[in-house]
Amino acid sequence: MTETEHRSLHVPSLEEICEVFKSGLQKNYAEVSVSVVDCPDLTQRPYCFPVKGLRGKSRITDVGSGRNVNNKRLDKVYNINTVANEINLPGAYFLGAGAASRKSLGMNAEMIFSVQAKTANTPSVNRSYIATVNPSDGSCDIDRYRDKSCDDDFMFLSNLYACEGKPGKVIEVNVKRRTGQDNFVSCMRKSLTDHYGEKAVGIGGTFIIQEGKAKIHLMPREFPTYPIIRSDDADRWLKFYEMNAPLICQSVFVSHDPGLDLRLEHTHCFSYHQEGGHYYTDTTPETVQYLGYFHPAELLYRIDRPPVGPVTGEQS
Ligand SMILES: [Zn+2]
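A quick note: this is a predicted structure, and the numbers were derived from the prediction, not measured.

*Asks:* Can you break down the pairing of strand β19 (residues 299–303) residue by residue, with the values?
*Replies:* Most of β19 sits inside the fold, with five of its five residues counted as buried. Of the two faces of β19, the one holding Leu-299, Tyr-301 and Ile-303 and the one holding Leu-300 and Arg-302 are both buried throughout. With five bridges joining them, strand β1 (residues 4–8) and β19 adopt antiparallel strand pairing. Note that in β19 the partner of Arg-7 across the bridge is Leu-300.

*Asks:* Describe in detail the sheet that holds strand β15 (residues 247–254), supporting the description with residues and values.
*Replies:* As summarised here, the arrangement of the nine strands in space is β2-β11-β18-β12-β15-β16-β17-β13-β14, forming an open sheet in which the pairing is antiparallel. Strands at the two margins of the open sheet, each flanked by one partner only, are β2 (29–38) and β14 (239–244). Taken pair by pair, the neighbouring strands of this sheet meet at an average axis angle of 30°, ignoring direction. Pairing between strand β16 (residues 265–270) and strand β17 (residues 277–282): two bridges, direction antiparallel. Of the residues in β17, the one forming a bridge with His-268 is His-278. Sheet strands touched by helix α1 (residues 14–25): β2, β11 (169–178), β12 (202–211), β15 and β18 (289–296). Its angle to β2, the strand with the most contacts, is close to 170°.

*Asks:* Would you mind going over the packing of α1 against helix α5 (residues 184–196) in detail, with residue names and values included?
*Replies:* In the contact formed by α1 and α5, the axes pass within 8 Å of each other and the chain directions differ by 115°. Judged by the sense of rotation from one axis to the other, the crossing of α1 with α5 is right-handed. Here Glu-16, Ile-17, Val-20, Phe-21, Ser-23, Gly-24 and Leu-25 of α1 lie close against α5, whose contacting residues are Phe-184, Cys-187, Met-188, Ser-191, Leu-192, His-195 and Tyr-196. A per-class count over the contact of α1 with α5 returns nine nonpolar, four polar and one charged.

*Asks:* Which residues make up empty space enclosed by the protein, and what values go with them?
*Replies:* In this approach a probe as big as a water molecule rolls over the atoms, and the regions it shows empty are the leftover space. Scanning all chains against the criterion turns up one cavity of 30 Å³ or more. Space inside the largest cavity adds up to approximately 50 Å³. Looking at the largest cavity, it is lined by 14 residues, and the ones nearest its centre are Ile-60, Asp-62, Asn-159, Val-254 and Arg-263.

*Asks:* So what's going on with the state of the cysteines? Which residues, and what values?
*Replies:* One pass over the structure, following the stated rule, counts zero disulfides. In this structure Cys-249 is a free cysteine whose sulfur lies 4.6 Å from that of Cys-269, the closest cysteine sulfur available. Relative accessible area serves as the criterion here: at 0%, Cys-249 is assigned to the buried category.

Cut-offs and rules
Residues numbered from 1 in each chain as written. Predicted model: local features only at pLDDT ≥ 70, side-chain atom pairs only at ≥ 80, totals over all residues. Heavy atoms only, no water. Buried < 20%, exposed > 50% of the residue type's maximum accessible area, 1.4 Å probe, protein only. Helix = DSSP H or I, 4+ residues; strand = E, 2+ residues; numbered from the N terminus. Pairing = 2+ DSSP bridges. Axes fitted to C-alpha atoms, helices over the stretch in contact; angles between N-to-C directions. Contact = heavy atoms within 4.5 Å. Left-handed = near helix turned anticlockwise from the far one by under 90°. Nonpolar A, V, L, I, M, F, W, Y, C, P; charged D, E, K, R; others polar. 1 Å grid on protein atoms, 1.4 Å probe; cavity = no way out; pocket = protein on both sides within 12 Å on 5 of 7 lines; lining within 4 Å. Points joined across faces, edges and corners; volume = space filled by probe spheres on them. Disulfide = S-S within 2.5 Å.

Everything listed here is a matter of coordinates, which is why it stays silent on function.
Below is the structure:
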């Protein structure tokens, strides 16, 4: 682990964020309902997280970068327990999106994070999923991380929401039938940017695509033989899919980058029907339905910002 920088985030009330989300979502969905509710018990299906809720000392944590790929820092391995210590929250629960470690798995894979870091007295509880391309037929393979590795590592980047996992009030977002162009997360993120400008607001949470299909990518198990410099290099390498609901999505987004070279939104999803990966948007605007639970973060941590290099694509 190298340099860690941190900033305070702007933390509006949950009620105020509801109104801001509503203003953005109503321009993009036919039916919109946003309210403050008690978080459902996230230890229950379909979530099966190791914690009940999304509250307590919340932090956005942006680790590494896609530039680790084109800067040839492919061997950059991070560890969730080390990250928990770096953000002064040992035992934190993490959700979000990133890349699984090749050293742990012997291949590339999308990581769908849901993991509680270890403490001095308790082991980690890693309920993350990995999604990979099946080399025999190109289909998606999805596995519980713990079935494949006993560590809590990941590689070259991740976008994480960390908290104590406490129950309590969160923002519930329920939308149906997309009428606009932006994806579900971008609608909420841009509504925050429009309202708060340079006062950065960071949000983490989980949502379910309940009906419809979504555009998803997976990194192939091996890196390409050509360098990934531009986004079309990444697009040539990545495999794209249309996947079926229900998809459970782990999402992190920030309304404004205060000069820390952040990725502003990143969402990965898993399912119980062998589909999952990196979320772009739904492909069925007429029928799509989303239900999500979100909470703002108090602090923003930027860990191991890599040297400036060429602009990267959307890999991992
Ligand atoms: Zn991704």
